[in-house]
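# A look at the structure
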Amino acid sequence: MASSSEYSAFISYSHADRALAKWLQSALERYRLPKAVRNEHRLPGKLRPVFLDESDLGAAPNLGKGIEDALEAAETLIVICSPAAAQSRWVNEEIRQFRQAGGNDRMLALVVDGDPHDDECFPAALLEGPDGTRREPLAAD
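Let us look at the overall build of the protein chain. Along the protein chain, the regular secondary structure elements total six helices and five strands. The order of α-helices and β-strands along the protein chain, N terminus first, is β-α-α-β-α-α-β-α-α-β-β. Residue burial in the protein chain is summarised as follows: out of 141 residues, 41% are buried. For the protein chain, restricting intrachain contacts to residue pairs at least 6 apart in sequence, the fraction spanning at least 24 positions comes to 70%.

Quick look at the pattern of salt bridges now. It is possible for side chains bearing opposite charge to pair when their charged atoms get close. Within the structure shown, the criterion is met by three salt bridges. Measuring nitrogen to oxygen at the nearest pair gives 2.9 Å for the salt bridge that ties Asp-69 to Lys-65. Here Lys-65 and Asp-69 lie together in helix α4 (residues 63–72), a separation of four residues that amounts to about one turn. According to the relative accessible area criterion, Asp-69 is partly exposed, its value standing at 37%. For Lys-65, a relative accessible area of 43% gives the class partly exposed. Across the salt bridge formed by Arg-96 and Glu-93, the nearest N and O atoms sit 3.8 Å from each other. Taken as a pair, Arg-96 and Glu-93 lie in helix α6 (residues 89–103) at a separation of three residues, close to a single helical turn. It is possible to trace a salt-bridge network through shared partners that takes in Glu-93, Arg-96 and Glu-128.

What counts and how
- Once a new chain begins, its residue numbering starts again from 1 and follows that chain's sequence as written.
- Given that this is a predicted model, residues contribute local features only at a pLDDT of at least 70 and side-chain atom pairs are listed and counted only at 80 or more, while totals for whole chains, interfaces and linings are drawn from all residues.
- Water and hydrogen atoms play no part in the side-chain values, which are based on all heavy atoms of the structure.
- Put simply, DSSP H or I for four residues or longer makes a helix, DSSP E for two residues or longer makes a strand, and each gets a number counted from the N terminus.
- A 1.4 Å probe rolled over the protein chains alone gives each residue an accessible area, and that area as a share of the maximum for its type sets the label: buried under 20%, exposed over 50%, partly exposed in between.
- Contacts are assigned to residue pairs that have any heavy atoms within 4.5 Å of one another.
- Each reported salt bridge corresponds to a side-chain nitrogen of Lys or Arg within 4 Å of a carboxyl oxygen of Asp or Glu.

In structure tokens form, the structure reads like this:
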């Protein structure tokens, strides 16, 4: 984790998957890194805040700017993948913005619904490489 990052991760999701996004944020923020890992990589015991728009942008005057700033301040982008996320304009834009900010190799996909073999759960932007060619995302089911 880069020391300049304000957030350990930014969770991108469709609002249809809101309950899963809230659960993931809570689980990651409560997770305690094993001592051996902390010592070997000189990491803190817990992950820094994990950004979720619903909890971190409550009173922001400009949601677009708030999202953009949070994407730039995040070490990793976690995309909750589902058919709803695949159809979300906003999820695709967050992926593209994170990639443009230099995060292409720090994106993870968490498949929560849909069939990853026919790409019904992956947002189109996640399947685009930095050069525009098709690529397979790093994903967990």
